[in-house]
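For reference, the chains in residue letters:
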Amino acid sequence: MMIPDRSPFHGVRAAQGVGRRAVLRGAVIGALAAAPVPFARRLTDGSDKTTASASAEAGAPASARTGAAASASCADLPLVGGAEFPIGLYWPPHPYATTVERYAQIREAGFTFLITGNYVDDSAILSQSLAIADQVGLKVLVASDPDVQNLAARFTISDDRSVPMSITTADARKLATDALNRYRGFGSFAGFSLGDEPPAGRFPSLAKAFAVAREVAPDYTPYSNLVPGSGSGYQSFVRQFVDTVHPPMLSFDRYPLLTSGEDTQYFANWAIIRSEGLRANIPTWTFVQSVEYNGHRFPTAAELLWQINTSLAYGCKGIQYFTYWQPDPARGEGFGRALTTADGTLTPLYSAAKNINTTWLSQVGVELKPLVSELAVHANETPPAGATGFTPDSYLSGTSGSAAVLGRFRPTDAAKTRWLLIANRQYNTSATTTVTLNQATVTKVSVFDPASRAYVAQADRTKIVATLAPGAAALYRLDA
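Note that the structure is a prediction, hence the values are computed from the model and not measured. (Residues numbered from 1 in each chain as written. Predicted model: local features only at pLDDT ≥ 70, side-chain atom pairs only at ≥ 80, totals over all residues. Heavy atoms only, no water.)

Caption draft 1: Highlighting the sheet that holds strand S18 (residues 444–449). Taking strand neighbours across the sheet as the criterion, the 6 strands line up as S13-S15-S16-S21-S18-S19 in an open arrangement whose pairing is antiparallel. Looking at the sheet topology across the chains shown, the edges are occupied by strand S13 (372–379) and strand S19 (454–457). On average, each strand axis in the sheet is inclined to that of its neighbour by 25°, with strand direction left out of account. When strand S16 (residues 418–424) meets strand S21 (residues 473–479), the two strands line up antiparallel, connected through 6 bridges. What sits directly across from Trp419, in S21, is Arg477. The strands touched by helix H10 (residues 266–280) are S13 and strand S15 (404–410); relative to S13, the strand with the most contacts, the crossing angle is about 160°. (Pairing = 2+ DSSP bridges. Helix = DSSP H or I, 4+ residues; strand = E, 2+ residues; numbered from the N terminus. Axes fitted to C-alpha atoms, helices over the stretch in contact; angles between N-to-C directions. Contact = heavy atoms within 4.5 Å.)

Caption draft 2: Region of interest: the nonpolar core. If you look at the biggest cluster of nonpolar residues, it comprises 144 residues, and the most contacted ones within it are Phe111, Tyr321, Leu396, Leu406 and Ile422. In terms of residue count, helix H12 (residues 348–368) provides more of this core than any other element does, 9 residues in total. (Core = buried A, V, L, I, M, F, W, Y, C linked by side-chain atoms within 4.5 Å. Buried < 20%, exposed > 50% of the residue type's maximum accessible area, 1.4 Å probe, protein only.)

Caption draft 3: Quick peek at helix H5 (residues 123–136). In a regular helix each residue adds 1.5 Å, so 14 residues correspond to 20 Å; H5 covers 20 Å between its end C-alpha atoms and thus fits that length. Here H5 has its buried residues at Ile125, Leu126, Ser129, Leu130, Ile132, Ala133 and Val136. Summarising the axial view, the buried residues of H5 lie within an arc of 165°, below the 170-degree limit, and thus occupy one face. Facing away from the buried side of H5 by more than 90 degrees, the exposed set consists of Ala124 and Gln135. Measuring from the side-chain oxygen of the N-cap residue of H5 to the backbone nitrogen of Ala124 gives 3.0 Å; that N-cap residue is Asp122. Where H5 ends, the next residue or the one after it, Gly137, has phi of about 90°, a positive value. (Expected span 1.5 Å × (residues − 1). Arc of directions from axis to C-beta. Polar contact = N/O pair within 3.5 Å; in protein donor to acceptor, adjacent residues only side chain to side chain.)

Caption draft 4: Structural detail: the pairing of strand S12 (residues 316–322). Most of S12 sits out of view: 7 of its 7 residues are buried. As judged from the 6 bridges shared by strand S11 (residues 284–289) and S12, these two strands associate in the parallel manner. Bridge pairing in S12 links Thr284 to Cys316. Crossover handedness for the path S11 to helix H11 (residues 301–313) to S12: right-handed. (Right-handed = clockwise from strand over helix to strand, strands pointing away.)

Caption draft 5: Molecular detail of the sheet that holds strand S6 (residues 189–196). Ordered by their spatial adjacency, 8 strands build a closed barrel running S1-S2-S3-S6-S7-S8-S11-S12, and the pairing between neighbours is parallel. Taken over all neighbouring pairs, the strand axes of this sheet differ in orientation by 30° on average, direction set aside. When strand S3 (residues 139–142) meets S6, the two strands line up parallel, connected through 3 bridges. The partner of Val142 across the bridge, within S6, is Phe192. Strands S3 and S6 of the sheet are contacted by helix H7 (residues 169–183), whose axis makes an angle of about 140° with S6.

Caption draft 6: Structural context of the layout of surface pockets. Size it by volume and the second largest pocket reaches roughly 660 Å³. The dominant element in the lining of the second largest pocket, judged by the number of residues it contributes, is H10, at 3 residues. Class assignment of the residues belonging to the lining of the second largest pocket gives a composition of 17 nonpolar, 10 polar and 4 charged. (1 Å grid on protein atoms, 1.4 Å probe; cavity = no way out; pocket = protein on both sides within 12 Å on 5 of 7 lines; lining within 4 Å. Points joined across faces, edges and corners; volume = space filled by probe spheres on them. Nonpolar A, V, L, I, M, F, W, Y, C, P; charged D, E, K, R; others polar.)

Caption draft 7: Structural view of the environment of Ser290. With respect to the helices and strands, the residue Ser290 is situated in the loop between S11 and H11. Take Ser290: its relative accessible area is 0%, and that puts it in the buried class. Linking Ser290 and Tyr255, residues 35 residues apart in sequence, is a C-alpha distance of 8.7 Å. Here Ser290 is in contact with Pro299, Leu304, Tyr321, Phe322, Thr323, Arg337, Ala338, Leu339 and Leu349, once residues within four sequence places are set aside.

Caption draft 8: Fine view of the confidence of the model for the protein. Across the protein, the average pLDDT comes to 88, with 85% of residues at 70 or higher. Within the model, the stretch residues 1–19 combines pLDDT values under 50 with 46 contacts to residues more than four positions away or in other chains. Within the model, pLDDT remains below 50 along residues 27–72, and this stretch shows 85 contacts once partners closer than five positions in the same chain are excluded. (pLDDT = per-residue confidence, 0-100.)

Caption draft 9: Focus on empty space enclosed by the protein. One pass over the structure, following the stated rule, counts 1 cavity of 30 Å³ or more. The calculated volume of the largest cavity comes to roughly 30 Å³. Counting only elements with at least two residues in the lining of the largest cavity, the list comes to S6 and strand S7 (221–226). Looking at which element gives the most residues to the lining of the largest cavity, the answer is S6, with 3 residues. In terms of residue class, the lining of the largest cavity is made up of 6 nonpolar, 2 polar and no charged.

Caption draft 10: Broad picture of the pattern of salt bridges. Counted under the stated rule, the structure contains 18 salt bridges. As a salt-bridge pair, Glu215 and Arg173 come within 2.9 Å of each other at their nearest N and O atoms. A residue pair is termed long-range when its members are at least 10 positions apart, and Glu215 in helix H8 (residues 203–216) and Arg173 in helix H7 qualify at 42 residues. Residue classification places Glu215 among the partly exposed residues on the basis of a relative accessible area of 38%. (Salt bridge = Lys/Arg side-chain N within 4 Å of Asp/Glu carboxyl O.)

Caption draft 11: Molecular detail of the packing of aromatic side chains. With the rule as written, the count across this model stands at 24 aromatic pairs. Through a chain of ring-to-ring contacts, the aromatic side chains of Tyr90, Trp91, Tyr119, Tyr255, Tyr293, Phe322 and Phe335 assemble into a single cluster. Above the ring of Phe298, the side-chain terminus of Arg337 is found at 3.9 Å from the ring centroid. A cation sits over an aromatic face here: Arg477 above Tyr455, 4.7 Å from the ring centre. (Phe/Tyr/Trp six-rings, centres within 6.5 Å; stacked < 30°, edge-to-face > 60°. Lys NZ or Arg CZ within 6 Å of the ring centre and 35° of its normal.)

Caption draft 12: Quick peek at the environment of Ala200. Position of Ala200 relative to the elements: it lies in the loop between S6 and H8. With 38 residues separating them in the primary sequence, Ala200 and Val238 have C-alpha atoms 9.0 Å apart. Contact partners of Ala200, with chain neighbours within four places excluded, come to Phe237 and Gln240.

Caption draft 13: Main features of the packing of H8 against helix H9 (residues 231–245). Two numbers describe how H8 lies on H9: the axes approach to 8 Å, and their chain directions differ by 40°. Relative to H9, H8 is oriented so that their crossing is right-handed. Residues Phe203, Pro204, Leu206, Ala207, Phe210 and Arg214 of H8 pack against Phe237, Gln240, Phe241, Thr244 and Val245 of H9. Its residues assigned to classes, the contact of H8 with H9 shows 8 nonpolar, 2 polar and 1 charged. (Left-handed = near helix turned anticlockwise from the far one by under 90°.)

So, in structure tokens, the structure goes:
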């Protein structure tokens, strides 16, 4: 089964595998259509209002109209704030596999949170999921609660009663409050997922949903994830989302491991997300491909690591896996193995993810999370479409050897210390990349050891020679 793409980037989505996440959401929306809705609404036709004029409608809380309220307390929000690097997953175990044993496997693999789905979509099973997450130390973003779906996706929030399929701001507040009261007693509850891959026409109503969530649940994280894309139209789309919705983070998905090779627009997409995240001063998150489906191959361990490290080099502050559990093949799109098969058998990718998450990503993520992305460039290769090539500057005077993605980071204060992540550009071959350092600036070089979580000074401060396995990376601190 294929659900038609309704995004403004149909050509991009066609190359990526149109509707793969929409297919997974289909059962939830279908259930909602059959469920009674306990609030007033107009049903003059069967469609949501998706015009930009909705942004002018009255009745939204004040925080819907200002970016300051959205970002003022992000440092205190679950997952976004704190020292721990967020490592999440979508499509968790289904209700019959929502057990302590299964959730313990997730936590043992280094995951810190999950986004609900896979038929975990009523208050009883959601409460069971949160209770089990409490036991094993996972956080949960609730996406599939019917009230959350009605608030964020199914209806338009408008106090204009002529708007078809609309709920009032008071209705939205009641939905958010009822959902919050169901889950706030669980320590694992981190917030609400308020929209996955929303089209631009939904942004005004989604902004009101975010504003209501911030008003009703200010201590919890409102979340949404964007479609992939590239080009100036996509950059305008992302900017519109950020400036309209005011999310606490900017999350997107793009799955670059095609059966035909590598997605040539992968880095162009990341460049736009990085740019807009920096402009808005919010962290950027991504999904990595951890499942095979139509036109997309089953990743190797090195390919999974490559996606993570190139994302880190572009300033990523949260890694999410799509998917953890294999979606039922009957859902369409040819979903194959993920970290588990459909019957719950762990695949080799589970072990790979566990090794990456627990021995590298969680440690290096803690180092990078509080830093600001200053540079993301491609060295020793012609830059891919939309990406930037290396040029010398006051810290780095030259490069040679194997192709690499260089990510440089600065602290939030005026300190001159910098951090440099060198990521192997290739996932199928080892690399040796040399970066020459500017001696007028750099006084000491140390390499990060994830095992000890310490930096080890290297004798030579004139250059870095990074020898990297396929998909691997190394982090250096440059004292200045």
